[in-house]
Every structure is written in structure tokens, then in C-alpha cells.
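Results of the structural survey
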Amino acid sequence: MESFDRRAKVHELEQEFNRLFVRRRFNALQLARQIDSEIEPASYSVLATLQQMGPQRMTAIARHLGIGKPTLSRQLSTLENRGFIEKATDPDDGRAQMVSLTEEGRARLESAQGDRAERYLQMLTPWQEQEIETLSRLLAKLNQSYTEFDAEHDPALAQGSTVPAAVNVAEDKRVS
């Protein structure tokens, strides 16, 4: 049985996550506009997924992002028309297509990510390095908890998920 104090602290944490997620959506909008004014904010996630995972089938991208195929298809059409992705026949299954970043797509994405990393660097100037490391480690722990919780409580979700597990902060010092 949870204590009232623990429940209140978790509620406070949930409110902070809501604030963070609202900021994250606004950040995605800014990044998408920086990449190209014609793409949707959700398209940034498609580009970032391809950057992280390499060429993927449409079904894998949709599953990873938790979106439907029609939504993803619309985003891919825009990204392809803008020259940021390309489709090719899957060598393992000629009926399927693999989606990958083009050099232009990769360059625009990396430029926007570089600008965002600089913004984080400036924003976190007053923070001590230990505070940044602690937050990063705790977020990695939270991501791992999500993975474990999903595996235990919703095996179908966990089996179909390709969401990356928490990274070892000591091994992965990239800013994204």
C-alpha cells in the first residue's frame, strides 16, 4: 500500500512531466520548421527514428512511434517529396519497401539537432555537471522502468515495441 506522501510526490512528478511534454511538443514544432516549413512536427520523429535505427520498413517505423500506417504514410509522402527520405525495395522481401534518410534529410536533421544541443548547453549553463549527469542517469532509469513495466503488464506492447531501452549514460555522452 502506497503512502499518501508517495502518491502526492508521484502526482507532482506527473504534473512536471506534463509541463515537459508540452515543451517537447513545442520543441518538435520548432525543429520541424527549422528542417523545413512544409513538414509536420511529428515528421521530426520519423527522421530521428531513421537516423537512430537506419533504414526501416514502414511497419517498423509505425510500431516504433506508436502511430497508424495512414498517418505515417502521409508523413512519408511529404518527407519524400521534400527530398528527405527515399524508398527502396527491401532486399529480404521484394514486396516491401525500406525507408531511409537521404543525405539532404540527414544534413538538415543534424543541423537542427546541433542547434538544439547548443540551446540545451546555453540553457543548462547554471547547472552543475553533476546535476546534468544525475538527471540523465535518472531519465535512463525511468526509460528502463517503462520497458520493464510494459514487458510485465502488457507483453504484447513490449514484444512489438522497438523503443530503445535505457542507455548507459557512461557509454553514451551524445546530446540529442
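In this report, the structure presented in the accompanying data block is examined. Treat the numbers as computed from the prediction; the structure is a model and nothing was measured.

Brief notes about the overall build of the protein chain
The helix and strand tally for the protein chain stands at seven helices and three strands. Written out in order from the N terminus, the α and β elements of the protein chain read α-α-β-α-α-β-β-α-α-α. Residues classed as buried in the protein chain amount to 24% of the 176 residues present. The long-range share in the protein chain, meaning contacts at least 24 apart out of those at least 6 apart in sequence, stands at 54%. For the protein chain, the accessible area works out to roughly 12,500 Å², and carbon and sulfur atoms hold 52% of it.

Structural notes on the packing of aromatic side chains
Applying the stated rule across the entire model yields one aromatic pair. With 5.8 Å between their ring centres and 10° between their planes, F17 and F21 make a pair best called stacked. Taken together, the residues span about one helical turn, with F17 and F21 both in helix α1 (residues 4-35) at a distance of four residues.

Here we look at the pairing of strand β3 (residues 93-101)
Bridge analysis of strand β1 (residues 56-57) against β3 gives two bridges, and the strand direction is antiparallel. Opposite Q56, over in β3, you have V99 as the bridge partner. Pairing analysis gives six bridges linking strand β2 (residues 85-90) to β3, with the strands arranged antiparallel. Within β3, the position partnered with E86 by the bridge is S100.

Some thoughts on the sheet that holds β2
Strand order in this open sheet of three strands is β1-β3-β2, and the pairing throughout is antiparallel. Every other strand in the sheet has two partners, leaving β1 and β2 as the edge strands with one partner each. Across the sheet, helix α4 (residues 69-81) is in contact with β2 and β3; its angle to β2 comes to roughly 110°.

A few points about the environment of A62
Within the element layout of this structure, A62 appears in helix α3 (residues 58-65). Separated by eleven residues in sequence, A62 and S73 have C-alpha atoms that sit 9.2 Å apart. Residues within four places of A62 in sequence aside, it is in contact with I67 and L72.

Here we look at the packing of helix α2 (residues 41-53) against helix α5 (residues 103-123)
Interaxial distance between α2 and α5 falls to 11 Å at its minimum, and their mutual angle equals 100°. Looking at the two axes, α2 sits roughly perpendicular to α5. Residues Y44, L47, A48 and Q51 of α2 form the contact with α5, whose own contacting residues are R106, L109, E110, Q113 and R116. Broken down by class, the residue content of the contact of α2 with α5 amounts to four nonpolar, two polar and three charged.

Thoughts on the pattern of salt bridges
With the rule as written, the count across this model stands at ten salt bridges. Connected through salt bridges with shared partners, the residues D36, R82, E104 and R108 form a single ionic network.

Let's talk about the packing of α1 against α2
Think of two packed helices as two axes; the pair is described by the angle between the axes and how far apart they sit. Across the interface, α1 lies against α2 with an axial gap of 7 Å and an inter-helix angle of 80°. Between α1 and α2, the angle falls in the class roughly perpendicular. Note on element contacts: α2 touches α1 through P41, Y44 and L47, opposite R24, A28, L29, L31, A32 and I35. Across the contact of α1 with α2, the residue classes break down as eight nonpolar, no polar and one charged.

Some remarks on α4
A turn of α-helix holds 3.6 residues, and therefore any two residues three or four places apart point the same way. Its 13 residues give α4 an end-to-end C-alpha distance of 18 Å, which sits within 8% of 18 Å, the value for a rise of 1.5 Å per residue. Residues L72, Q75, L76 and L79 constitute the buried set of α4. Angular distribution of buried residues about the axis of α4 spans 100°; they occupy a single face of the element. Projecting away from the buried face of α4 at angles above 90 degrees are the exposed residues P70 and N81. Residues of α4 that are buried in the fold lie against α2, α3, β2 and β3. Phi turns positive, to about 85°, at G83, one or two residues after α4.

Rules used throughout
- Residues numbered from 1 in each chain as written.
- Predicted model: local features only at pLDDT ≥ 70, side-chain atom pairs only at ≥ 80, totals over all residues.
- Heavy atoms only, no water.
- Helix = DSSP H or I, 4+ residues; strand = E, 2+ residues; numbered from the N terminus.
- Buried < 20%, exposed > 50% of the residue type's maximum accessible area, 1.4 Å probe, protein only.
- Contact = heavy atoms within 4.5 Å.
- Areas by Shrake-Rupley, 256 points an atom, 1.4 Å probe, with all protein chains shown as cover.
- Phe/Tyr/Trp six-rings, centres within 6.5 Å; stacked < 30°, edge-to-face > 60°.
- Pairing = 2+ DSSP bridges.
- Axes fitted to C-alpha atoms, helices over the stretch in contact; angles between N-to-C directions.
- Parallel < 35°, antiparallel > 145°, perpendicular 65-115°, else oblique.
- Nonpolar A, V, L, I, M, F, W, Y, C, P; charged D, E, K, R; others polar.
- Salt bridge = Lys/Arg side-chain N within 4 Å of Asp/Glu carboxyl O.
- Expected span 1.5 Å × (residues − 1).
- Arc of directions from axis to C-beta.

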